[in-house]
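Summary of structural features
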Amino acid sequence: MEGFQLAAIILTAIGSGLIYATSKHQRLLRKPQPKVLAWLGACLLLFALLSWWQLLTPTAAIFTWLFTAMTLLIALPLSTLFDSREEC
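Here's what I pulled together on the structure shown here. Just so you know, these numbers come straight off a predicted model, no measurement behind them. (Residues numbered from 1 in each chain as written. Predicted model: local features only at pLDDT ≥ 70, side-chain atom pairs only at ≥ 80, totals over all residues. Heavy atoms only, no water.)

Mapped onto the elements of the fold, Thr80 is located in the segment after helix H3 (58-78). Taking the relative accessible area as the measure of exposure, Thr80 reaches 17% and is therefore buried. Ignoring any residue separated from it by four or fewer positions in sequence, one finds Thr80 in contact with Tyr20, Arg27 and Leu28. (Helix = DSSP H or I, 4+ residues; strand = E, 2+ residues; numbered from the N terminus. Buried < 20%, exposed > 50% of the residue type's maximum accessible area, 1.4 Å probe, protein only. Contact = heavy atoms within 4.5 Å.)

Shown next as structure tokens:
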């Protein structure tokens, strides 16, 4: 795996996680994080796009970036379904 590819995947994962953590509907943390972290997550997603841009053609980079970001933004809320905590 090339360095830019690994960096793009990590930046996308962290950026998506930060955006999800600031949502008032998130269920992974006890309370939502400050909104400034959503801006940081968006910046990390833009840096991930630049990393994909270094590896691929512009069209493929945008498609790959959107696909990985959408997959992670869908997978994070669905991960709460597998939470073993009981709600009363």
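Over its 19 residues, helix H1 (residues 3-21) extends 27 Å from the first C-alpha to the last, a length consistent with the 27 Å expected when each residue adds 1.5 Å. Among all positions of H1, only Ala8, Thr12, Gly15, Ser16, Leu18, Tyr20 and Ala21 are buried. Of the surrounding elements, those touching the buried residues of H1 are helix H2 (36-55) and H3. (Expected span 1.5 Å × (residues − 1).)

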